[in-house]
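# Descriptive structure summary
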Amino acid sequence: MKKELLMATALVSTLGAASVAQAVTATMAGSMKIGAEFDSPENGVDTQNVIDLSNFNVSLSETTDGGTTISSSFEIVDEGAVDADDDNALKLTFTDGSALELLNAGSALGTHDVAIPGAAGEMGVAGTSANAAPTGLDFAAPATVLGVEWHSAADFMMDGLKLSASYGTDSGAAKAATSRVENAWGIGATYVTSAGDTALTIGGGLSGSEVAVLQTQSAADDGGFTIGVSAVTGDLTVAVGYADGDTTRGVGSNTNIQTDADVLKAGIKYVSGDITMNLGVVSGTGTDNIFGGTSTATDSHDEMNASVTYAVASGVSAIIGYTNVDQSDEGASDDTGGSSWYIGATMSF
Amino acid sequence: MMFKPYIVLVTIIFLLFGCNKNLTEEEKKELWSKAQTTGEIINRSGTPFNSATDKKRAMDDAQNRLITGGGLFGKKASLNLLGGEKESQQTSVGVGLPINPFLWKASIETISFMPLTSTDPFAGTIITDWYTAENSEGERCKLNIFINGADMKTENLKVLSFCQLLKNNQWVNSPSNNKDNISLENAILNKAKKLKLTSG
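Model, not experiment: these values are computed from the prediction.

## A word on the pairing of strand β7 (residues 146–151) of chain A
Residue and element names in this part refer to chain A. Only one face of β7 is buried, namely the one carrying Gly 147, Glu 149 and His 151, since none of Leu 146, Val 148 and Trp 150 on the opposite face is buried. Inspection of the sheet shows strand β6 (residues 99–102) paired to β7 by 4 bridges, in the antiparallel sense. For Glu 101, the partnering residue across the bridge sits in β7 and is Glu 149. In this structure, β7 lies alongside strand β8 (residues 161–169), joined through 6 bridges in antiparallel fashion. Along β8, the bridge assignment pairs Glu 149 with Ser 166.

## Side note on the interface of chain A and chain B
Counting residues at the interface gives 69 residues for chain A and 58 residues for chain B. For the side of chain A that touches chain B, a count of residues per class yields 28 nonpolar, 32 polar and 9 charged.

## Comments concerning the sheet that holds strand β6 (residues 170–174) of chain B
Residue and element names in this part refer to chain B. Strand order in the open sheet formed by 5 strands is β2-β3-β4-β5-β6, with antiparallel pairing between adjacent strands. At either end of the open sheet lies a strand with only one pairing partner, and these are β2 (116–120) and β6. Here the strands of the sheet are splayed against their neighbours by 15 degrees on average, with no regard to which way each runs. When β2 meets strand β3 (residues 125–128), the two strands line up antiparallel, connected through 4 bridges. Across the sheet, residue Leu 116 finds its bridge partner in β3, namely Thr 128. Sitting on the sheet, helix α5 (residues 101–110) is in contact with β3, β4 (139–147) and β5 (157–167), with an inclination near 170 degrees to β4.

## A look at the confidence of the model for chain A
Looking at chain A as a whole, its pLDDT mean stands at 85, while 90% of the residues score no less than 70. Per-residue pLDDT stays below 50 along residues 1–21 of chain A; that stretch engages in 8 contacts with residues further than four places along the chain or on separate chains.

## Side note on the confidence of the model for chain B
All names here are of chain B. Summing up the model confidence of chain B, the mean pLDDT is 79 and the portion of residues at 70 or higher is 76%. Within the model, pLDDT remains below 50 along residues 84–95, and this stretch shows 16 contacts once partners closer than five positions in the same chain are excluded. Among the scores for the predicted complex, ipTM is 0.87 and pTM is 0.76.

## Here's the deal with the nonpolar core
A:Val114, A:Val192, A:Ala243 and A:Val263 are the most contacted members of the largest nonpolar core, which has 50 residues in total. Contributing elements (two or more residues each) for this core: α2 (108–111), β9 (180–195), β10 (198–213), β11 (218–233), β12 (236–252) and β13 (255–272) of chain A together with α3 (38–45) and α4 (55–68) of chain B. With residues up to four places along the chain from it excluded, the contact list for A:Val114 reads A:Leu137, A:Thr201, A:Gly203, A:Gly228, A:Val229, A:Ser230, A:Ala239, A:Gly241, B:Gln36 and B:Thr37. Among the nonpolar cores identified, the runner-up in size contains 15 residues, and B:Leu103, B:Ala106, B:Ile147 and B:Leu189 belong to it.

Conventions adopted
- Residues numbered from 1 in each chain as written.
- Chains lettered and ligands numbered in written order.
- Predicted model: local features only at pLDDT ≥ 70, side-chain atom pairs only at ≥ 80, totals over all residues.
- Buried ≥ 20, exposed ≤ 12 C-beta atoms within 10 Å, placed from the backbone.
- Helix = DSSP H or I, 4+ residues; strand = E, 2+ residues; numbered from the N terminus.
- Pairing = 2+ DSSP bridges.
- Contact = placed C-beta atoms within 7 Å.
- Nonpolar A, V, L, I, M, F, W, Y, C, P; charged D, E, K, R; others polar.
- Axes fitted to C-alpha atoms, helices over the stretch in contact; angles between N-to-C directions.
- pLDDT = per-residue confidence, 0-100.
- Core = buried A, V, L, I, M, F, W, Y, C linked by C-beta atoms within 7 Å.

This is how it looks when you write it as structure tokens:
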């Protein structure tokens, strides 16, 4: 046993790893949302639902004598249709502020997309699964579990700049009946500056991926980009963002659909004391085809949403939100649009 | 895809606004504290949720923490499972201080450009001396700030401003501007939230 310990010590020394001064720090946190949702679909019966979403997170972290923080976490999720335990990346944060996420890492494009103000709350209008119009600026941000993401420190190369880069690959398993990301890369940048009393954020990224498609034994090349600008003046935040790209998804055995899509988002947020008001608009379109197809019919999603959030106490907020959605599938208006209200509370600990 | 126009656009924006020269460390820190990319918002909120796993979950929790000034127990919600040496972050009231320390510190920092005549952390009062801004020589103002209670809430903060105008070599009172008072309260409250988030 003594010999093994000596060998282990020698190995650690050889690898240059710093000794760990104390046991890892474990902390727990979580959030809970509870509220009522009132849906009014364009063609259908009004419904009321209770929304009850709970998450519990356990984080582990330790800082070595050399100053590098090693951390990871896992989550237990109870979100109705989604009950899961999720494992997050192993993250190394270095003394200069840069960081490296190993395994379960995301896409750099998704790290640097600008946050567009929009309604808080869990209201939503269900669309058809065939509608391929995206609603988020990061819709073309694929990643695999065998991935890494690097983040630079703030003010990297020039004041106000931060960069990230990511890459992931698959497990090497045989192609499956539906599409799967074989490899993906992403780069992203955030630039902050000021114009008078206004703080400006410019964020964006590029991504590319190869998606395995069993049906043709070939790979689909997907790619995308996003760019956005946000301005903060006092209590007012105004932002606009745009994203364009291709995505491939499996919709059944040997049926894979590639979508050429884009989305434009804009929003305003105003904070007055404990009250935060959000107003957002989303306009997304997507042209989806069976892989290799030539259809030009377009799906669309147009949305307006608004919410008022009241900060009740530290970690507790009350939300009332509204959204109105118009959708079309393959160029023809479908009946999945409508409006939805939500009133509820969110708690974080 | 046609990246070229967008790359040109971004370059132009960089050239137009790329004026981050001679910034102090404090100014850089202030700029980053207002950065609006999803990654920056998640990072500074203290949410433990990872955007790579579920971005909506991470962003929703981050926004809730930023709006409310942290979690129920502070920024990192650190209920230390293994006990030990790290102090609980639930404490929001300083030892012997009956008022919210973040509101107090934020108030002092927000009006740091004004001379003070009286401060009482136990009564929660801050009273400034008369102050004349460089660009409004014929007007002077003073502030009374009252902080009540330990909770970081708007109701516990009251800002009253008093202004006077110079007429015929005499200072005469001008009506109080309630809008300015509310703007100051918002500025203090936002700073207090940031202080609370960075404290923990």
